[in-house]
Amino acid sequence: MKPIISLSDISKTFSNGTIALSRMSMDIGQGEFVSLLGPSGCGKSTVLRIIAGLGEPTTGIIDWPTSTYNAAGKPERDIGFVFQEPTLMPWATVYDNVRLPLRLKRVSQTAGHERIMDALAMVGLSKFATSYPRELSGGMKMRVSIARALVTRPKVLLMDEPFAALDEITRNKLNDDLLRLWQDQHWTVIFVTHSVYESVYLSSRIVVMAARPGRVVTDMAISAGYPRDDVFRTSDAYNEACRNASMALHEAMDVADHL
Amino acid sequence: MNTANIGSTPTAPIDTVELARARSQRMTEIASWALPFLVLLLALGYWQWAVVHYEIKPYLLPSPLRIVQTLGADWQLLLPSLVNTLEITFGALALAVIGGGGLAILFAQSRWIEMALVPFAITLQVTPIIAVAPLIIVYLKDVTLDLGFVTLSDVTLQLLTCAWIVAFFPVLSNTTIGLNSADHNLRNLFELYGASRWQTLRLLRLPAALPYFLAGLKIASGLALIGAVVAEFVVGAQGAGSGLASRIQESAFRLNIPRMYAAVVLISLTGIAIYLVTSWASHLLLRRWHESAIRREN
């Protein structure tokens, strides 16, 4: 089967000379839940931004084999993006915040209404459509942000440390909700995190990255099946996977330290 | 582990510290308007008493009651002047909003334009209007502007231009900062969904600029009144076009001190009214979402 996204030999050097990424290659398959795990400065957010089209790689090719390309040679990226911060418009209601991507794509409100309400229902915020962001808790704001990413019904969901700023109880709840949605909707998810436990709990595959320069050091599959729940969180398979991922991460950091 | 309270409604008494705090909060709220009001009454009372007691002549210092009487007696004369001053003030403010806001939007389109024009805006702002006004008077002499529904005389144009120069900078400077202060991740998001320049302006940058614009408007509305009055002193508008500043000059010439006071009181009240209206409008527009308009909850 063709991958949905294919990165080959991607490098990114910033104007100040920092090498954010060095010759990174990776194929993302349809329906995978891939975590990019690594210390800060390993370029995991840069990869995500390049995949999103928010920056071009210095060298290398990013291909969307299953997407159509427009006249300018740009692929139709069918993506939703969730930032580390909720990044909501404080002046707009929850409904209008979720509506934003449709508005930017010039979908009329009548045509979009059902999708907006669907997205809100998916994250459990149907009752809060008319609230303003400041009236919501941190976890609820993050849910709005996710609903906004889902409203265009994208095939690929890109998430940049989305739950890093939340407390553990809220984070676990959102992790469970995210997994449930992923199984229902058959998306592909690329999830940037620096938490070993979070990445193991969520992912079908973990790509461990090292810093200076950013690159892939380990690409490991998490074979445990879904659905995953608290039983999985306390299982031997989970502990084993955490140990492996931790070791890979430490190796990645050691390699970086010796440079 | 104590689980005795689960399932029963907690009926703990509210502690005295919290009660005291709530009381002091209520007191502060009342005091915030009652105190200045009280001070004003005391000062006016002493003023009135002193004028009567020491038999101060009204051409030196009129009593508050005398000023109120003058306001009533000279109303026919003062009202048209007030209307003229208000027309210049609001005309200049409208131009400041259009000019300052429009220029800020232009700046937001390109850093190059901003870099090229900002020094000129600052120069216009820092040069005292008193120094520039004679030039404006010379250049706009006998110039009239026909807007279709009204024809602006050369005096009106001179006054408007002076007041506008004083008022437009806070709108320009604040709106420019506001337009550039939109959240960077939100800008990324707009880029991600292929937003046009116009969509980014309308849906992101203008709403983000609103609190800044309103703060600028509050300053500009006060400055527009100052500009209108100062301009009138300099231009020296006479006859039908004369505003409150001309009334003050004219009354000074005739040593009609009570009327001078009456005109000053009218200008002050106008300034206060403008401040209250802009504050209230700002509160209405921001109360649902902006930190400045939201009461702290701790």
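Cut-offs used in this document
- Residues numbered from 1 in each chain as written.
- Chains lettered and ligands numbered in written order.
- Predicted model: local features only at pLDDT ≥ 70, side-chain atom pairs only at ≥ 80, totals over all residues.
- Heavy atoms only, no water.
- Pairing = 2+ DSSP bridges.
- Helix = DSSP H or I, 4+ residues; strand = E, 2+ residues; numbered from the N terminus.
- Axes fitted to C-alpha atoms, helices over the stretch in contact; angles between N-to-C directions.
- Domains from an automatic or database assignment.
- Contact = heavy atoms within 4.5 Å.
- pLDDT = per-residue confidence, 0-100.
- Buried area = accessible area lost by both parts, 1.4 Å probe.
- Salt bridge = Lys/Arg side-chain N within 4 Å of Asp/Glu carboxyl O.
- Polar contact = N/O pair within 3.5 Å; in protein donor to acceptor, adjacent residues only side chain to side chain.
- Buried < 20%, exposed > 50% of the residue type's maximum accessible area, 1.4 Å probe, protein only.
- Disulfide = S-S within 2.5 Å.

## Overview of the sheet that holds strand β4 (residues 59–63) of chain A
Through backbone hydrogen bonds, the strands of a sheet pair up, either in parallel or in antiparallel fashion.
Residues and elements named next belong to chain A.
Inference 1: Spatial strand order, β2-β1-β4: 3 strands in an open sheet with antiparallel pairing. At either margin of the open sheet sits one strand with a lone partner, and together these are β2 (19–28) and β4. The mean angle between the axes of side-by-side strands here comes to 15 degrees, regardless of whether they run parallel or antiparallel.
Inference 2: Pairing analysis gives 6 bridges linking strand β1 (residues 5–13) to β2, with the strands arranged antiparallel.

## Some points on the domain arrangement of chain B
Inference 1: As assigned here, chain B comprises domain 1 (13–55) and domain 2 (64–293).
Inference 2: Centre-to-centre separation of domain 1 of chain B and domain 2 of chain B, based on C-alpha positions: 34 Å.

## Some words on the sheet that holds strand β3 (residues 33–37) of chain A
All names here are of chain A.
Inference 1: The strand order across the open sheet formed by 6 strands is β5-β6-β7-β3-β8-β9, and the pairing between neighbours is mixed. At either margin of the open sheet sits one strand with a lone partner, and together these are β5 (79–82) and β9 (215–221). Within the sheet, the average angular offset between the axes of one strand and its neighbour, ignoring direction, is 15 degrees.
Inference 2: Of the strand pairs in this sheet, β3 and strand β8 (residues 205–210) are connected by 4 bridges, and their pairing is parallel. Its bridge partner lying in β8, Leu-37 is registered against Val-208.
Inference 3: The strands touched by helix α4 (residues 138–150) within the sheet are β5 and β6 (156–160), with β5 carrying the most contacts at an inclination of about 165 degrees.
Inference 4: Where helix α5 (residues 168–185) meets the sheet, it contacts β3, β6 and β7 (188–193), and its direction lies at approximately 140 degrees from that of β3.

## Notes on the confidence of the model for chain A
Inference 1: Taken over all residues, the pLDDT of chain A has a mean of 90, while the share at 70 or more is 98%.
Inference 2: Element-level pLDDT for chain A is lowest in helix α8 (residues 236–257) of chain A, with a mean of 85, against a maximum mean of 96 in helix α2 (residues 94–104) of chain A.

## Re the interface of chain B and chain A
It is common to report an interface's size as the accessible area lost on association of the parts.
Inference 1: Listed per partner, the contact involves 21 residues of chain B and 26 residues of chain A.
Inference 2: Here chain B and chain A share an interface that buries about 2,200 Å² over both sides, 65% of which is from carbon and sulfur atoms.
Inference 3: Summed over the shared surface of chain B and chain A, the number is 1 salt bridge.
Inference 4: The salt bridge involving Glu-135 of chain A is made with Arg-288 of chain B; its shortest N-O contact spans 3.4 Å.
Inference 5: Here chain B is connected to chain A by 3 residue pairs in polar contact (both at pLDDT 80 or more).

## Thoughts on the pairing of β8 of chain A
All names here are of chain A.
Inference 1: Most of β8 sits inside the fold, with 6 of its 6 residues counted as buried.
Inference 2: Side chains Arg-205, Val-207 and Met-209 project from β8 onto one buried face, and the interleaved Ile-206, Val-208 and Ala-210 project onto a second face that is buried too.
Inference 3: With 6 bridges connecting them, β8 and β9 associate as antiparallel partners. Across the sheet, residue Val-207 finds its bridge partner in β9, namely Asp-219.
Inference 4: Taken together, β8 and the strand that follows it, β9, pair antiparallel across an intervening segment of 4 residues, in which Arg-212 is found at a positive phi of about 45 degrees.

## Considerations on the state of the cysteines
Inference 1: Enumeration over the complete set of coordinates arrives at 0 disulfides over all chains.
Inference 2: As a non-bridged cysteine, Cys-42 of chain A has Cys-242 of chain A as the owner of its nearest cysteine sulfur, 18 Å distant.

## Describing the pattern of salt bridges
Inference 1: Scanning all chains against the criterion turns up 18 salt bridges over all chains.
Inference 2: Across the pair Asp-118 of chain A and Arg-153 of chain A runs a salt bridge, and its minimum N-O distance is 2.8 Å. Taken together, the residues span a long stretch of sequence, with Asp-118 of chain A in helix α3 (residues 109–122) and Arg-153 of chain A in the loop between α4 and β6 at a distance of 35 residues.
Inference 3: According to the relative accessible area criterion, Asp-118 of chain A is partly exposed, its value standing at 32%.
Inference 4: The exposure class assigned to Arg-153 of chain A is partly exposed, which follows from its relative accessible area of 46%.
Inference 5: Here Asp-74 of chain B ties to Arg-259 of chain B by a salt bridge, and the two come within 2.8 Å at their closest N and O atoms. Placement of Asp-74 of chain B in the loop between α2 (64–73) and α3 (75–109) and of Arg-259 of chain B in helix α10 (residues 257–286) is noted, with a sequence separation of 185 residues between them. Across the pair, exposure class does not vary: Asp-74 of chain B and Arg-259 of chain B are buried alike.
Inference 6: Counted as one network, the salt bridges with shared partners bring together Arg-143, Lys-173, Asp-177 and Arg-180 of chain A.

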